Structure formats: C-alpha cells, structure tokens
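Remarks on the overall topology
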Amino acid sequence: MPKTAFIGIDTSCYTTSCAAVDIDGNILADERVLLSVKNGARGLRQSEAVFQHVRNFPVVFDKVVNRLKSYSIKACCVSKTPTDGENSYMPVFEAGKAFAQSLASALNIPCFYTTHQRGHMQAAILLDRLQPPFVAVHISGGTSDFMFIEHDKIETFAFSRDLHFGQLVDRAAVKIGLPFPGGSHLEKLAMGQKPYGRYSVTVKDAGPCLSGAEKQIFDDIEFKAIPKEQIAIELYDCLAGSMLKTLEKFNIDIKTPVLVFGGVASSNILRAMLTQKSDFNFRFSQNRMSSDNAVGVAIIGLYKYLKEGNF
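Before going into details, it helps to say that this report is about the structure given with it. Not measured: the values here are computed from a predicted model.

Calculation criteria
Residue indices follow the written sequence of each chain, beginning from 1 at its first position. This being a predicted model, a pLDDT of at least 70 is required before a residue's local features are given, and a value of 80 or more before pairs of side-chain atoms are given or counted; all residues contribute to the totals for chains, interfaces and linings. Note that water and hydrogens are dropped before the side-chain values are worked out from all heavy atoms of the structure. Runs of H or I in DSSP of at least four residues are treated as helices and runs of E of at least two as strands, each being numbered from the N terminus. Working definition: with a 1.4 Å probe on protein chains only, accessible area under 20% of the residue-type maximum means buried, over 50% means exposed, and in between means partly exposed. Under this definition, polar contacts are N or O atom pairs within 3.5 Å; protein pairs additionally need one hydrogen-donor-capable and one acceptor-capable atom, and for neighbouring residues in sequence, both atoms have to be side-chain atoms. Strands are labelled as partners when DSSP assigns at least two bridges between them. Orientation is described by axes fitted as lines to C-alpha atoms, over the contacting stretch for helices, and by angles from 0 to 180 degrees between their N-to-C directions. Two residues form a contact once any of their heavy atoms are found within 4.5 Å. Here the expected span of a helix is defined as 1.5 Å times the quantity of residues minus one.

Things to note about unusual backbone geometry
Working note: non-glycine residues mostly have negative phi, and peptide bonds are mostly trans. Cis geometry marks the peptide bond from P132 to P133, where omega comes out at 5°. Of note, P133 is situated in the loop between α3 (116-124) and β6 (134-139). In this structure, P181 follows F180 across a cis peptide bond, with omega equal to -10°. Within the secondary structure, P181 is located in the loop between α4 (165-176) and α5 (183-190). Phi at H151 takes a positive value of approximately 55°, unusual for a residue other than glycine. Relative to the assigned elements, H151 resides in the loop between β7 (144-150) and β8 (153-159). Classification of H151 as exposed rests on a relative accessible area of 69%.

Structure below.
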C-alpha cells in the first residue's frame, strides 16, 4: 500500500506556498516563492498579486509533487480567506482556491478549506503541540490580532485599528531605502543597538495604535534626526511595548501561554525583547514557520480528513 500525503496551498499577499505532510504530520515538502515587489513600492495591488500566484504556483507545485512519487495524495486543503468571519475576503486567496479545487477534481480527492490565520497558527504550534486554551497574537503585514483560543473557537479581543505591525515595519524599511518586505533588512540594521524608548506606545480600547509612532519614525528618517540603525531598534522596541501593553490592558494572566506568530514574529530581536521585558509565557514557532507558508494548511487538511473517518 502506498504511503499517503496531504497537500496544503496558501496564496497570501506576500508568498505563493505549497506543502505536503504525511499521515503523522511530518513535513514532506515545503515550497514557497515570495511575490516580487518593485524597489520603493510598499506592496502589490491584489490583481498583480493574483497574476504572480498564477505564474508561481506551477513552479512550487512541481517541486512538491516531485517529492511525492512514492506517495498517494489523499486530500488537499487551501486557505480561502484571510481570517474567520463572513466579511473576511481577499482576491489573492481565490487563486489558491482555484488551484486546490482543480487538483481535487483531477485526482478525485476531497478539497478542504481553512483560513490563512488558522494555517499560520497550526504551523506555529508544530513543535510543542500547544493545546487550547491559550492566547494567540498574529502580527503580520495584514493582521494584528490578539485572540483567545479555546477548542476550535477563535475570539478576537484586541486588534490594531490603524496600522498592522508588519505595515509599520515595511513602511519604515521602504522609507529608509530598504527592499520590501523589509523585516529581515530592518533587523540587520537593528542588531547591536540599544533602544531608549524614543517612539510612543499607544493602546486604546480596541487595541494598539501605531500611526503616532509611524509619524515619529518618518520624521526621524526625513530629518535624519538619529542614525537609521537606531531608528530600527527603536521601532522594534515600540512593537514589543505595544504588544506587552495590550496584553496587560486586557488582563492576560502571565501563566497563560501566549503564542506569537506571523511574519513579524520571525524577528529574533522582537522575540528577545518580549521575553526580557516581561514575565508572560510567550511561545514562538520556528522562524521559518512564522512567515507565510502552507505547512499548517496541509496539517489542517490531514486533521479534517481523519475527522471525516477516512481511516
């Protein structure tokens, strides 16, 4: 009997991703291509991103299936929306949905659906198998959500009403003259620097607000008030302070596990600041699993397949 595999597909605003896992949840393949953004731009129009996904997907899919020659593909799963909720929608995810449905039809296998956020979360808990209840913090270019996770239910208790954490990182990086996305480039600038709390940390009733800090950062860049290396470390200090202040405002018990994931969470500087500045029980994924990927989506597909009694 051939070994079994489960395909995951994710087409976000940043990355075309395809992955495969086996029946035990072991990663068999994990392929990704970053979407291309012109120098000086702060992202892509959805139409351009969809076009790039159409161009990229055959490449990543071919690499995945080449590793599955001795496996029988039993199901595929795709992130069809950014998050839970009736109003959650982005055209980029329609590309992945079309790929997954076509694959399922061609192979006569089930096609399961999830969200980009749930895929991120599943990939983040891959190592320690964290079980609910816990608090989850999703920080990326398109999301800044603070959530209670209990059983399969997600309850958002705080979120950014102006800028997302990743938006602030990318906008500052591009303003400095770094490539988009700017996280890894900004972190290199920040290495070896010490912050002194230059940028404001503001948390309102709904959650953190970053537009004030953005104004301060842009002024510092424009007027060359401080070196760009200091701007970088102060920005990460502001992000860490915003997260901690939000958790404190909503009275999160320090013993409750706090899972931090999303592209911004791959920053080692941010991780160190969060753990050094507080007693919260922070949990982090592997750095590679923090950025956009389809591994968590594939695992969700495996779980859905097993839940339906296919084995």
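Let's pick the thread back up.
So, the environment of S267
One can find S267 in the loop between β11 (257-261) and α8 (268-277). For the pair formed by S267 and L186, sequence separation is 81 residues and the distance between their alpha carbons is 9.7 Å. A distance of 3.0 Å separates polar atoms of two side chains, one belonging to S267 and the other to E187.

Brief notes about the sheet that holds strand β4 (residues 71-81)
Read across the open sheet, the five strands follow the order β3-β2-β1-β4-β5; overall the sheet is mixed. The open sheet has two edge strands, β3 (27-34) and β5 (111-115), and neither has a second partner. Neighbour-to-neighbour, the strand axes of the sheet open up by a mean angle of 20°, direction not taken into account. Docked against the sheet, helix α1 (residues 46-65) engages β1 (3-11), β2 (15-22) and β3, running at close to 25° with respect to β2.

Remarks on helix α7 (residues 228-249)
The terminal C-alpha atoms of α7, which comprises 22 residues, lie 31 Å apart, in line with the 32 Å expected from a rise of 1.5 Å per residue. Within α7, 17 of the 22 residues are buried, which leaves it mostly tucked inside the rest of the structure. Immediately beyond the C-terminal end of α7, within one or two residues, lies N251, with a positive phi of roughly 55°.

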